[in-house]
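Structural features, examined
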Amino acid sequence: MDWHWFLLTLSPFLFWLWFELIRDEALPIPLPRVTIRKMLKLANVKKNDLVYDLGSGDGRALIIAAKEFHAKAIGIEKNRLLVWLSRLIVKKNNLHDKIKIICGDIFDENLKNADVILMYLSHKLTQELKHKFKKELRKGTRIVSASHPIVGWKEIKKIRTGHFYSYLYKI
Ligand SMILES: C[S@@+](CC[C@H](N)C(=O)[O-])C[C@H]1O[C@@H](n2cnc3c(N)ncnc32)[C@H](O)[C@@H]1O
């Protein structure tokens with residue numbers, strides 16, 4: 001089989017893959033692990049804290065939270081391909097008792113049990129979450145947003161994480 005036929009045969013799969021990856025507003029660009037560690041430290045994540053990653057991508061923040069910070073972690077991700085991949089990685093790391101990945105939309109899940117919220121989303125989504133945070137989060141919940149501040153909220157601290165800042169808020 002020459003290359004043209006090979007690519008032609010694969011094209012429905014490649015199209016599906018492309019569609020799955022680009023249809024979201026917040027592109028599935030993962031944060032560097034070093035940035036995630038800084039964000040978790042910024043939020044002062046402690047053993048048994050429940051950490052949510054909103055738009056958990058390949059699950060790397062959940063893995064680091066569970067493995068290195070001994071936290072429990074829940075990811076919410078609407079891209080089915082990434083949900084499948086991240087669940088596979090969690091299984092390989094034997095962390096299924098500490099990590100849960102929900103396949104769905106951030107806005108459909110109640111966040112009331114969170115101790116810490118991590119997010120690396122678009123500017124627009126970050127602002128749209130304000131109302132949900134006010135309604136659902138308990139007093140004392142820490143939120144760390146990478147790259148985008150929550151407009152109108154005063155951050156407790158901001159730190160440089162690579163090319164951008166990460167912002168810490170407390171409810
Ligand atoms: C920039 S990536 C960040 C991935 C991961 N948190 C990390 O830091 O490596 C944003 C992720 O949010 C997901 N996403 C965007 N909007 C979402 C929504 N409304 N509900 C659930 N996931 C969403 C995207 O599919 C993408 O995987």
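Figured I'd write up the structure that's included with this text. (Residues numbered from 1 in each chain as written. Predicted model: local features only at pLDDT ≥ 70, side-chain atom pairs only at ≥ 80, totals over all residues. Heavy atoms only, no water.)

What follows concerns the environment of R160. Counting through the fold element by element, R160 comes out in strand β6 (residues 157–161). Sequence separation of R160 and S147 is 13 residues, and the distance between their C-alpha atoms is 9.4 Å. When neighbours within four sequence positions are excluded, R160 is seen to be in contact with K38 and Y165. Engagement of the side chain of R160 in a polar contact is seen with the backbone oxygen of G162, the distance being 3.5 Å. Polar contacts involving the side chain of R160 include one to the main-chain carbonyl oxygen of H163, which spans 3.4 Å. (Helix = DSSP H or I, 4+ residues; strand = E, 2+ residues; numbered from the N terminus. Contact = heavy atoms within 4.5 Å. Polar contact = N/O pair within 3.5 Å; in protein donor to acceptor, adjacent residues only side chain to side chain.)

The next point concerns the side chain of S56. When you line up the elements, S56 lands in the loop between β1 (50–54) and α3 (60–69). Ignoring anything within four residues of it in the chain, the contact list for S56 reads L62, G75, I76, E77 and I101.

Moving on, we get to the nonpolar core. Within the largest apolar cluster, 29 residues are counted, with the highest numbers of intra-cluster contacts made by L40, V45, V51, I99, L118 and V144. Listing elements by their share of this core, those giving two or more residues are α2 (33–42), α3, α4 (80–92), β3 (99–103), β4 (116–119), β5 (142–146) and β7 (164–170). If you tally residues by element for this core, the top one is α3, at seven residues. What V45 contacts, discounting residues up to four positions off in sequence, is L40, V51, F69, A71, V116 and R142. Grouped together as the second largest cluster of nonpolar side chains are 21 residues, I76, I106, I150 and W153 included. (Core = buried A, V, L, I, M, F, W, Y, C linked by side-chain atoms within 4.5 Å. Buried < 20%, exposed > 50% of the residue type's maximum accessible area, 1.4 Å probe, protein only.)

Now for the pattern of salt bridges. In this structure the tally under the stated criterion is seven salt bridges. A salt bridge links R37 to E68, with the nearest nitrogen and oxygen atoms 2.7 Å apart. Highlighted residues: R37 in helix α2 and E68 in helix α3, separated in sequence by 31 residues. In this structure, the salt-bridge partner of R142 is D49, at a minimum N-O distance of 2.9 Å. With R142 in strand β5 and D49 in the loop between α2 and β1, this residue pair connects regions lying 93 residues apart in the sequence. According to the relative accessible area criterion, D49 is buried, its value standing at 9%. (Salt bridge = Lys/Arg side-chain N within 4 Å of Asp/Glu carboxyl O.)

According to the stated counting rule, one finds four aromatic pairs in the structure shown. Ring centres 6.5 Å apart and planes at 50° place the aromatic pair F133 and W153 in the tilted group. In this pair, F133 is assigned in helix α6 (residues 130–136) and W153 in the loop between β5 and β6, connecting sequence segments 20 residues apart. Taking the centre distance of 6.1 Å and the plane angle of 75° together, the rings of W153 and Y169 count as edge-to-face. Here the residue W153 occupies a position in the loop between β5 and β6, and Y169 occupies one in strand β7, the gap between them amounting to 16 residues. For the pair W153 and Y169, one class covers both residues: buried. (Phe/Tyr/Trp six-rings, centres within 6.5 Å; stacked < 30°, edge-to-face > 60°.)

We now examine α3. A large share of α3 lies buried, amounting to eight of its 10 residues. Those residues of α3 that fall on the buried side of the exposure criterion are R60, A61, L62, I63, I64, A65, A66 and F69. As for α3, its buried residues are in contact with α2, β1, β2 (72–77), α4, β3 and β4. H70 sits one or two positions beyond α3 and adopts a positive phi of about 55°.

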